[in-house]
Amino acid sequence: MEYRRAPDEQQLFDEASLPASLPLMLKLDQETEYLLCREVAARALGYVPEPESLPG
């Protein structure tokens, strides 16, 4: 896979850290990023509670 940045993205990528750049490179929207994080956490921890079941 090869990714070529648009000229206006160059400065953003130069200044952003890898965790900030990766979702941009993969063109992940907020919902997809959330679901991906939940899946990774579920695999690592075995269980991830639903947000509405958390106190507070």
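Quantities reported herein were computed from a predicted structural model and do not represent experimental measurements.

## Things to note about the overall build of the protein
- Broken down by element type, the protein carries three helices and zero strands.
- The buried share among the 56 residues of the protein stands at 11%.
- When the accessible surface of the protein is split by element, carbon and sulfur atoms take 58% of a total near 5100 Å².

## Some details on the pattern of salt bridges
- Counted under the stated rule, the structure contains two salt bridges.
- Between R38 and E50 there is a salt bridge, with the nearest N and O atoms lying 3.1 Å from each other. In this pair, R38 is assigned in helix 3 (residues 30-45) and E50 in the segment after helix 3, connecting sequence segments 12 residues apart.
- Between E39 and R43 there is a salt bridge, and its shortest N-O distance comes to 3.4 Å. Of the two residues, E39 and R43 both sit in helix 3, four residues apart, roughly one turn of that helix.
- E39 gets classed as partly exposed once you look at its relative accessible area, which sits at 45%.
- Judged by relative accessible area, R43 falls into the exposed class, the value being 70%.

## Let's talk about the confidence of the model for the protein
- Per-residue pLDDT for the protein averages 79, and the proportion of residues at 70 or more is 71%.
- The lowest-confidence element of the protein is helix 1 (residues 10-15), averaging 67 in pLDDT; the highest-confidence one is helix 3, averaging 90.

## Things to note about the side chain of R38
- Separated by 3.1 Å, the side chain of R38 and the backbone oxygen of P49 make a polar contact.
- Sequence-distant contacts of R38, defined by excluding residues within four places in its chain, comprise V48, P49, E50 and P51.

## What about a nonpolar patch on the surface?
- Judged by side-chain polarity, L18, L22 and L26 come together as a nonpolar surface patch covering roughly 290 Å² of accessible area.
- We classify L18 as exposed; its relative accessible area is 61%.

## Digging into helix 3
- When the terminal C-alpha atoms of helix 3 are compared, their 22 Å separation across 16 residues agrees well with the 22 Å that a helix rising 1.5 Å per residue should span.
- Where helix 3 ends, the next residue or the one after it, G46, has phi of about 90°, a positive value.

The rules behind each value
Residues numbered from 1 in each chain as written. Predicted model: local features only at pLDDT ≥ 70, side-chain atom pairs only at ≥ 80, totals over all residues. Heavy atoms only, no water. Helix = DSSP H or I, 4+ residues; strand = E, 2+ residues; numbered from the N terminus. Buried < 20%, exposed > 50% of the residue type's maximum accessible area, 1.4 Å probe, protein only. Areas by Shrake-Rupley, 256 points an atom, 1.4 Å probe, with all protein chains shown as cover. Salt bridge = Lys/Arg side-chain N within 4 Å of Asp/Glu carboxyl O. pLDDT = per-residue confidence, 0-100. Polar contact = N/O pair within 3.5 Å; in protein donor to acceptor, adjacent residues only side chain to side chain. Contact = heavy atoms within 4.5 Å. Patch = residues over 30% accessible without salt bridge, like charges linked within 9 Å, V, L, I, M, F, W, Y side chains within 5 Å. Expected span 1.5 Å × (residues − 1).

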